[in-house]
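# Structural description and commentary
Below, each chain spelled out in residue letters.
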Amino acid sequence: MLLSINLDNNIEDLKKIKAGTSFKITGKIYTARDAAHKKIKEYFDGNKQIPLSFKNSIIYYMGPTPAREGYPIGSCGPTSSYRMDDYLETTLKLGVVATIGKGERKKAIVKLIKKYKAPYLLTIGGAAAYLAECVISSKIVLFKELQTEAVRELIVKDFPVIVGIDVYGNNIFNRV
Amino acid sequence: MKEIHTSRIEKEVEKLFIEANYILPDDVKKKIIESIDKENKHPLAKNIFTIIKENYEKSEKMIFPLCQDTGMAIVFLEIGQDIVIKGGYIIDAINEGIKNAYNNGFLRKSIVADPINRENTDNNLPAIIHTEIKKGDKLKITAVPKGFGSENQSALRMMVPSEGREGIINFIVNGVISSGGKGCPPCIIGVGIGGDFEYAPLLAKKALLIPLDQENNDPFYREMEKEIFDKINQSNIGSQGFGGSVTCLGVKILTYSTHIAGMPVAYNYCCHSCRHASIVI
């Protein structure tokens, strides 16, 4: 049974996992949500170099509460992914290999996931205090002015995820 | 004439918004615990409910709020007409209390000044304040930090009277089911029926404040709540939309008189972090 994936060594393994499978990830992920994605797309469409490489990276759709002293981050559960649907292809073209969020996405997203082989992972909405304890470190790496919506680099340990849409197009939300 | 100083109001509002963001109401906790047992046939759902329980136990330690979306600050103010407010302007006091809560309570600043240009206000203001004048000399303040993942799954329809009870039930049930996992189920649904275009949604939001274990006094609406509740749960959407028998923790209906030509119906979707706290001064 698949338990944990180390993102530094085995990020490629994410492609192999089927929808509905629960496991944990350890390693580096970036956070970005509505405002940051809008800026990323503006850079991309304007042919401007973004001051951060997203090649071979994972984006977690999340904006945290402020960190208390002595803690790397505040509460940090996922936001609803469908709001980033229109920006997904841009991030995949920039080299993103997986996204993490919650909830269903538009039908067209399944095609993109299959084309770019970039699975959509889910984590638990509302378990924000619980997930905070899976974050070892957090630092803002882009768009600092966006505050909670800034792009952060997180190092996570045993962060629980489940594959929502896999690279074969299987979708956990397809209900009988 | 009872005097209440705005400095007291400011302090109480700060306490309420912090409390609401860290401590889940007892009636909601109870439903989550019950759900763990209900999901024996769905191990994933059972696991999620267990984690949700761990989450609220963790947040009660006052380090991490229940959810990273600490919401837009909604305030229900019930002012007895015999009260005299001393000090400053009551609205300023409420806003200051909220600002302090979101700073001192390590809560997220989630408000943009303009809905189209969208620059963060960096203090979670402005709030939305609903004021009612009551008889007497009590001041009741209810803090409702409302997250928008759930808020976005809410809806209003100006229904025709002939659509009737069945039409209302179908509108709500179909709407909630079509949201799937996006609103972060399990959900609590507040329903407002009647009033006018803006009153039905207001009733729907107020309905979210009714304790889940408090029965509707009116048997007709009690039955209707149960039917909506059962039909949503029969969808088997489950927690987070991963499948399960618990999609909805409760449905509460508030009604008001309305026009002979109308039947406004609104439902306010709330996730399992149904957060509110109140005080009577």
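Residues numbered from 1 in each chain as written. Chains lettered and ligands numbered in written order. Predicted model: local features only at pLDDT ≥ 70, side-chain atom pairs only at ≥ 80, totals over all residues.

## What to know about the overall build of chain B
Of regular secondary structure, chain B possesses eight helices and 10 strands. If you take every contact in chain B between residues at least 6 apart in sequence, the share linking residues at least 24 apart comes to 79%. (Helix = DSSP H or I, 4+ residues; strand = E, 2+ residues; numbered from the N terminus. Contact = placed C-beta atoms within 7 Å.)

## Thoughts on the domain arrangement of chain B
All names here are of chain B. Each assigned domain of chain B is listed with its residue range as follows: domain 1 (2-20 + 65-146) and domain 2 (149-275). Each of domain 1 and domain 2 was reduced to a C-alpha centroid, and the two centroids are 26 Å apart. Contacts between domain 1 and domain 2 engage eight residues on the former and six residues on the latter. For the side of domain 1 that touches domain 2, the element with the most residues is strand β5 (residues 139-146), which contributes three residues. A breakdown of the residues in the side of domain 1 that touches domain 2 according to their chemical character gives four nonpolar, two polar and two charged. (Domains from an automatic or database assignment. Nonpolar A, V, L, I, M, F, W, Y, C, P; charged D, E, K, R; others polar.)

## Quick word on the interface of chain A and chain B
When the parts of a complex come together, some accessible area is lost, and that lost area is often used as the size of the interface. Taken together, the 29 residues of chain A in the interface contact 33 residues of chain B. Per-element accounting of the side of chain A that touches chain B gives the leading share, four residues, to helix α5 (residues 128-132) of chain A. Tallied by class, the residues present in the side of chain A that touches chain B amount to 14 nonpolar, 12 polar and three charged.

## Quick word on the confidence of the model for chain B
For chain B, per-residue confidence averages 97 on the pLDDT scale, and residues scoring 70 or more make up 100% of the total. The ipTM value of the predicted complex is 0.92, and its pTM value is 0.95. (pLDDT = per-residue confidence, 0-100.)

## Things to note about the packing of helix α6 (residues 164-179) of chain B against helix α8 (residues 219-234) of chain B
Residue and element names in this part refer to chain B. Contact pair α6 / α8: the axes reach a minimum separation of 10 Å and the direction vectors enclose 35°. In this structure, the crossing between α6 and α8 has a hand that is right-handed. On α8, the residues that touch R165, I169, I172, V173, V176 and I177 of α6 are M224, E227, I228, K231 and I232. For the contact of α6 with α8, the per-class residue count stands at eight nonpolar, no polar and three charged. (Axes fitted to C-alpha atoms, helices over the stretch in contact; angles between N-to-C directions. Left-handed = near helix turned anticlockwise from the far one by under 90°.)

## Focus: helix α7 (residues 199-207) of chain B
Along α7(B), the positions that sit buried rather than exposed are B:A200, B:P201, B:L203, B:A204, B:K205 and B:A207. The inward-facing, buried residues of α7(B) contact β6 (155-159), β7 (187-195), β8 (248-258) and β9 (263-270) of chain B. (Buried ≥ 20, exposed ≤ 12 C-beta atoms within 10 Å, placed from the backbone.)

## Quick notes on the sheet that holds strand β2 (residues 72-80) of chain B
Strand pairs in the sheet, formed through backbone hydrogen bonds, run parallel or antiparallel to each other. Residues and elements named next belong to chain B. The sheet built from four strands is open, its strands ordered β4-β2-β5-β10 with mixed pairing. Sheet topology places β4 (128-134) and β10 (277-280) at the edges, where each strand pairs with a single neighbour. In this sheet, neighbouring strand axes are inclined to one another by 10° on average, regardless of whether the strands run parallel or antiparallel. Pairing between β2 and β4: seven bridges, direction parallel. Within β4, the position partnered with F76 by the bridge is H130. (Pairing = 2+ DSSP bridges.)

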